Amino acid sequence: MSDIAVEMKGIHKYFGKFCALQNVDLTVESGTIHSILGENGAGKSTLMSILYGLYKPEKGEIFINGKKAKIENPSDAIKLGIGMVHQHFMLVENLTVTENIILGAEITNKFGIIDMKRATKAIKELSEKYGLYVDPYAKIEDISVGMQQRVEILKTLYRGADILILDEPTAVLTPQEILELIDIMKRLINDGKTIIIITHKLKEIKQSAKYCTVIRRGKLIDRVVVDDLSEEELASKMVGRKVNLHIDKTKADPKDVIFSIENLVVKDFRGLEKLKGLNLEIKRGEIYGVAGVDGNGQKELIEAITCLSKASKGKIKINNKEIQNTTPKNVLESGISTIHEDRHKRGLILDFSVELNSILESFNKPQFSKKSILNFEAINNFAKSLIEKFDIRPDNCEKTPIRALSGGNQQKLIIAREVFNDPDLLIAVQPTRGLDIGAIEFVHKTLVEERDKGKAILLVSLELDEIMDVSDTIGVIYDGTIVKTLQNDENVTEEKLGFWMAGGEN
């Protein structure tokens, strides 16, 4: 076994005339965790997609364990011991954990029938070995996002991967799950595996990675030993300028209550209460942050507000107008815009262009259409203005299908669109998921600017740092209700919030 697990030399990749990667080198030592760091659209995922055989480079060479490799497709990569866990999971929701893991690599008996007993046994052994505990009989649709990620990792291990690529592995995890994932990664390394992680989260790079390769706008910037640099220094290398890791904002000056929820009860499809008499109020000029462990009712809260699901009981008011159990269109027209957690399911039409996605909620406005005929020149100019203001890359992508953009740049377009709607209440659910540190800085600044214009902001995030940094008021959600509401000041600590998030009582 070579001391170098992966070596990529002089990698070039073009998409049309756009140069995504220009002469990029990557060296990953065996038995280490190596981070790929860069802004949204820098080329990180493209580089790893080339390693996994999803893209072919125009130029460059790849060596695996010291031997030159020809990787034409993912099957070639898997044969070479390479596995990839994508940012958006590739799982079939109505199949079980076991069925998803063995899909395409089934164990059969002498009659050609799938041997589920042997497959389940193999999966249990893998999960116990690496601490990836999952229920092999559970359906994907019934388990948490964190558990789904474990299934994806088990899929790669089941196929014999020694080199694991993890694309934004902590983007959808709770703080507790992040610590568990880091522990799992260290177990894998101790067993001789090699891990490459694509991430924007500097704290997690410091906690887990030994080396870091920095890419900026498709070019290699540096390869560093992580312990030799601070988080601030890593951030500066990534974006090419000094970055403020904490938002500078003045003290809020909230006005009258503009949005309220009274005794809200929401049941799931089984009739079980997911929200249990939830109450909250948000004032103009205030950012209200909801802190909680995933699965305590955040999803049901947002779906009830946006009328994607029905409330069994309670009132939801905006400007003293009740909107519960109406329609999403009515919610939008009542002055509420939403940055949804799942940008692919709720925020975008992936086969539409960037410019059409920019007006999804405002295509019937006079500036974009007349007598139901779209004004494409106006739409194009509008999309260009959003691209420029929100630094969406590449900067000439208005005609490009939105699916061709990186996840972070897709998110930037959604945020730009919802801010343009000029709502009274802006709901931001995991608004910085998958964004780099420079983009996070911009999003937080945008939320504060909207607050200072007199807007009400409902921020729902699993990132405690984000809740504590941006919110003026914090509501802790546990088991379907707000159990604690407090003003965000120097007395608020991560430990105190964590205590209430776990159901602790003071």
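Model, not experiment: these values are computed from the prediction. (Residues numbered from 1 in each chain as written. Predicted model: local features only at pLDDT ≥ 70, side-chain atom pairs only at ≥ 80, totals over all residues. Heavy atoms only, no water.)

Participant: Could you clarify how one ought to interpret the overall build of the chain in this entry?
Facilitator: For the chain, the helix and strand inventory stands at 17 helices and 22 strands. For the chain, whose C-alpha radius of gyration is 24 Å, the value lies close to the compact-globule estimate of 23 Å for 506 residues. Summarising its shape, the C-alpha atoms of the chain cover approximately 70 × 50 × 50 Å along the three principal directions. Out of the 506 residues in the chain, the part that is buried amounts to 53%. Relative to all contacts within the chain whose residues are 6 or more apart in sequence, the contacts with residues 24 or more apart total 67%. Looking at charge distribution, the chain has the averaged site of its 70 positive side-chain charges lying 4 Å from that of its 75 negative ones. (Helix = DSSP H or I, 4+ residues; strand = E, 2+ residues; numbered from the N terminus. Rg over C-alpha atoms; globule rule 2.2 N^0.38 Å. Buried < 20%, exposed > 50% of the residue type's maximum accessible area, 1.4 Å probe, protein only. Contact = heavy atoms within 4.5 Å. Lys, Arg positive; Asp, Glu negative; His and termini not counted. Charge placed at Lys NZ, Arg CZ, Asp CG, Glu CD.)

Participant: What exactly am I supposed to notice about the pairing of strand β13 (residues 286-291) here?
Facilitator: One face of the sheet, then the other: side chains in a regular strand alternate in exactly this way. Where burial is concerned, most of β13 is hidden: six out of the six residues are buried. As paired strands, β13 and strand β20 (residues 456-461) are joined by six bridges and run parallel to one another. Looking across to β20, one finds that Tyr 288 is bridged to Leu 458. Looking at chain direction, β13 and strand β21 (residues 473-478) are connected through four bridges and run parallel. Considered in β21, the bridge of Val 290 is made with Gly 475. (Pairing = 2+ DSSP bridges.)

Participant: Sorry, what's going on with the packing of aromatic side chains here?
Facilitator: Pairs of aromatic rings are described using the distance from one ring centre to the other and the angle between the two planes. One pass over the structure, following the stated rule, counts five aromatic pairs. Between the aromatic rings of Phe 368 and Phe 382, the centroid separation amounts to 5.0 Å while the plane-to-plane angle is 55 degrees, which identifies the pairing as tilted. Separated by 14 residues along the polypeptide, Phe 368 in the loop between α12 (354-357) and β17 (369-370) and Phe 382 in helix α13 (residues 376-389) bring together distant segments of the chain. As far as the burial class goes, Phe 368 and Phe 382 line up, both buried. Members of the aromatic cluster, connected to one another through ring pairs, are Phe 368, Phe 382 and Phe 420. One residue, Lys 13, lies across the ring of Phe 15, its end atom 5.2 Å from the ring centre. (Phe/Tyr/Trp six-rings, centres within 6.5 Å; stacked < 30°, edge-to-face > 60°. Lys NZ or Arg CZ within 6 Å of the ring centre and 35° of its normal.)

Participant: Would you take a moment to explain unusual backbone geometry for this structure?
Facilitator: With an omega dihedral of -5 degrees, the bond running from Arg 393 to Pro 394 counts as a cis peptide bond. Looking at where Pro 394 falls in the secondary structure, it is placed in the loop between α13 and α14 (407-420). Despite not being glycine, Gln 430 has its phi angle at roughly 45 degrees, a positive value. Structurally, the position occupied by Gln 430 is in the loop between β19 (425-429) and α15 (437-452). A relative accessible area of 5% means that Gln 430 is categorised as buried.

Participant: Teacher, can you tell me more about the packing of helix α4 (residues 116-130) against helix α5 (residues 145-158) here?
Facilitator: Two numbers describe a pair of packed helices, the interaxial angle and the distance between the axes. Viewed as axis vectors pointing N to C, α4 and α5 meet at an angle of 110 degrees, and their least axial separation amounts to 10 Å. It follows that α4 is roughly perpendicular to α5 by the angle criterion. The segment α4 lies against α5, with Ala 119, Ala 122, Ile 123, Leu 126, Ser 127 and Tyr 130 engaging Leu 154, Leu 157 and Tyr 158. The residue inventory of the contact of α4 with α5, partitioned by class, reads eight nonpolar, one polar and no charged. (Axes fitted to C-alpha atoms, helices over the stretch in contact; angles between N-to-C directions. Parallel < 35°, antiparallel > 145°, perpendicular 65-115°, else oblique. Nonpolar A, V, L, I, M, F, W, Y, C, P; charged D, E, K, R; others polar.)

Participant: Help me out: how do you make sense of α14 in this one?
Facilitator: Along an α-helix, a turn takes 3.6 residues, which lines up residues three or four apart on a common side. For α14, spanning 14 residues, the distance from its first C-alpha to its last is 20 Å, which sits close to the expected 20 Å at 1.5 Å a residue. A large share of α14 lies buried, amounting to 13 of its 14 residues. The first or second residue beyond α14 is Asp 422, which carries a positive phi of 55 degrees. (Expected span 1.5 Å × (residues − 1).)

Participant: Whenever I open this one, the sheet that holds strand β6 (residues 82-85) confuses me. Can you help?
Facilitator: Sheet strands line up and pair through hydrogen bonds in the backbone, either parallel or antiparallel. Strands sit in the order β6-β7-β8-β3-β9-β10 across an open sheet of six strands; the sheet is mixed. Edge positions in the open sheet fall to β6 and β10 (219-225), since each of these has one partner strand only. With strand direction ignored, the average angle separating the axes of adjacent strands in the sheet is 20 degrees. With five bridges joining them, strand β3 (residues 33-38) and strand β9 (residues 211-216) adopt parallel strand pairing. Considered in β9, the bridge of Ser 35 is made with Cys 212. In this fold helix α1 (residues 44-51) packs onto β3, β6, β7 (163-167), β8 (194-198) and β9, with an angle of close to 145 degrees to the strand it touches most, β8. α5 contacts β6 and β7 of the sheet and is inclined by roughly 170 degrees relative to β6.

Participant: Got a minute to help me understand α5 in this structure?
Facilitator: In a regular helix each residue adds 1.5 Å, so 14 residues correspond to 20 Å; α5 covers 20 Å between its end C-alpha atoms and thus fits that length. Regarding α5, the residues found buried are Gly 146, Gln 148, Gln 149, Arg 150, Val 151, Glu 152, Ile 153, Leu 154, Lys 155, Thr 156, Leu 157 and Tyr 158. Those residues of α5 that are buried are in contact with β6, α3 (97-102), α4, β7 and α6 (175-190). Two residues or fewer past α5, Gly 160 is found with a positive phi of approximately 85 degrees.

Participant: Whenever I open this one, the layout of surface pockets confuses me. Can you help?
Facilitator: Unoccupied space between atoms shows up once a probe the size of one water molecule is rolled over them. Approximately 980 Å³ is the volume found for the second largest pocket. Along the wall of the second largest pocket there are 37 residues; nearest its centre are Lys 203, Ile 437, Glu 463, Asp 465 and Glu 466. Of all the secondary-structure elements, those providing two or more residues to the lining of the second largest pocket are α6, α7 (202-208), α15 and α16 (464-470). In terms of residue class, the lining of the second largest pocket is made up of 13 nonpolar, 10 polar and 14 charged. (1 Å grid on protein atoms, 1.4 Å probe; cavity = no way out; pocket = protein on both sides within 12 Å on 5 of 7 lines; lining within 4 Å. Points joined across faces, edges and corners; volume = space filled by probe spheres on them.)

Participant: For this particular structure, what's the right way to read the environment of Gly 43?
Facilitator: Along the polypeptide, Gly 43 turns up in the loop between β3 and α1. Residue Gly 43 is classed as buried on the basis of its relative accessible area of 8%. In this structure the C-alpha to C-alpha distance between Gly 43 and Lys 313, which are 270 residues apart in sequence, comes to 48 Å. Leaving out residues up to four positions away in the same chain, Gly 43 has contacts with Ala 20 and Leu 21.

Participant: Hey, could you run me through the sheet that holds β21 in this one?
Facilitator: The strand order across the open sheet built from six strands is β16-β19-β20-β13-β21-β22, with neighbouring strands paired in mixed fashion. Single-partner strands in this sheet number two, and they are β16 (336-339) and β22 (481-487). Strand-to-strand, the axes of this sheet are offset by a mean angle of 20 degrees, without reference to chain direction. The pairing of β21 with β22 spans six bridges and is classified as antiparallel. Bridge pairing in β22 links Ile 474 to Leu 486. Its contacts with the sheet place α15 against β13, β19 and β20, and it is angled at close to 130 degrees to β13.

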